[in-house]
Amino acid sequence: MTPYDSIFQSAHFIKSAEKLSQCPLDQGVEVAFAGRSNAGKSTALNTLTNQRKLARTSKTPGRTQLINCFGLNLDDRRLIDLPGYGFAKVPIEMKKVWQAHMQDYLMNRRSLAGVVLVMDIRHPLKEFDEMMLDWAKSNNMKVHVLLTKSDKLKRGPAKSTQLSVKQTLKKQGVDGSVQTFSALNGDGVEELRIKLAEWLVFDNLDSIPLSPNA
Ligand SMILES: Nc1nc2c(ncn2[C@@H]2O[C@H](COP(=O)(O)OP(=O)(O)OP(=O)(O)O)[C@@H](O)[C@H]2O)c(=O)[nH]1
């Protein structure tokens, strides 16, 4: 349990957007989840919010094809599920359109406070992940790497993967942190809630409107 559990449990679907112009008004603070298809983004969002069906999960990679926006019970705080990258069964032209929309979102969304970069702990730092880290560095964007499915590795190998990803971030000059996570056994759920509360609330207190009585 963390003091922030109820904030995340309040998550509710706002809308699915194909592109940036369809996203909710660009005010307040939001955190986006990005990752390769099948890395476990939707499952991580469901675990974070303690809701089984908030983000649809699927054993078929590529179900998350839209920018899915979820609201929280705090003024203008949102969680964003970005399209999974690298779904093989989709025509290349369609992939390019998605990627362009995603890039537009990442480059131009003013309320974006940080990106949770989701990687399967057994396959970290693939081409897409490196691209995201490059982008984060050149845009001064905070990154929190979530090494999912940690239940698939023993503790030793899981910790050494965490360490080596941390070192890579440091080497690349990215403002970031790294943690292990498992939806299956609860590893890292509290750590993720604390990190996101930091981004959504404490780092951005000035963007919470003062109540009329304050
Ligand atoms: N063992 C284990 N399996 C997991 C975990 N998280 C996700 N999975 C499984 O990994 C597969 C993909 O998970 P999703 O959450 O749908 O992945 P996604 O990244 O949202 O995928 P896209 O919709 O393709 O973007 C599913 O079969 C999940 O059950 C975990 O922590 N442990």
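Residues numbered from 1 in each chain as written. Predicted model: local features only at pLDDT ≥ 70, side-chain atom pairs only at ≥ 80, totals over all residues. Heavy atoms only, no water.

The protein chain is annotated in an unreviewed UniProt entry as Probable GTP-binding protein EngB of Marinomonas sargassi. According to the UniProt record, the Sequence similarities (unreviewed entry) comment for the protein chain is "Belongs to the TRAFAC class TrmE-Era-EngA-EngB-Septin-like GTPase superfamily. EngB GTPase family." Check the Cofactor (unreviewed entry) section of the UniProt entry for the protein chain; it says "Mg(2+)". (UniProt positions renumbered as here; feature names shortened; annotations may be inferred.)

S.K.: Just checking my understanding: could you explain the sheet that holds strand 4 (residues 77-81) for this structure?
M.R.: Across a sheet, strands are paired by hydrogen bonds formed along the backbone, either parallel or antiparallel in direction. Taking strand neighbours across the sheet as the criterion, the 7 strands line up as 1-3-4-2-5-6-7 in an open arrangement whose pairing is mixed. The open sheet has two edge strands, strand 1 (12-17) and strand 7 (176-180), and neither has a second partner. Taking the axes of each pair of neighbouring strands and ignoring which way they run, one obtains an average angle of 20 degrees across the sheet. Taken together, the 5 bridges between strand 1 and strand 3 (residues 67-71) define a ladder with antiparallel strand orientation. When the sheet's bridge partners are listed, Ala 17 is paired in strand 3 with Ile 67. Helix 3 (residues 92-108) contacts strand 2 (29-35), strand 3, strand 4 and strand 5 (112-120) of the sheet and is inclined by roughly 135 degrees relative to strand 5. (Pairing = 2+ DSSP bridges. Helix = DSSP H or I, 4+ residues; strand = E, 2+ residues; numbered from the N terminus. Axes fitted to C-alpha atoms, helices over the stretch in contact; angles between N-to-C directions. Contact = heavy atoms within 4.5 Å.)

S.K.: Hey, could you run me through the pairing of strand 2 in this one?
M.R.: Here is the key point about a regular strand: its side chains alternate between the two faces of the sheet. When you tally the buried positions in strand 2, you get 7 out of 7 residues, the bulk of the element. Alternating residues of strand 2 divide into Val 29, Val 31, Phe 33 and Gly 35 and Glu 30, Ala 32 and Ala 34, and every residue in both groups is buried. The pairing of strand 2 with strand 4 spans 5 bridges and is parallel. By the bridge assignment, Glu 30 is partnered in strand 4 with Arg 78. Relative to strand 5, strand 2 runs parallel, the two sharing 6 bridges. When the sheet's bridge partners are listed, Val 31 is paired in strand 5 with Gly 114. (Buried < 20%, exposed > 50% of the residue type's maximum accessible area, 1.4 Å probe, protein only.)

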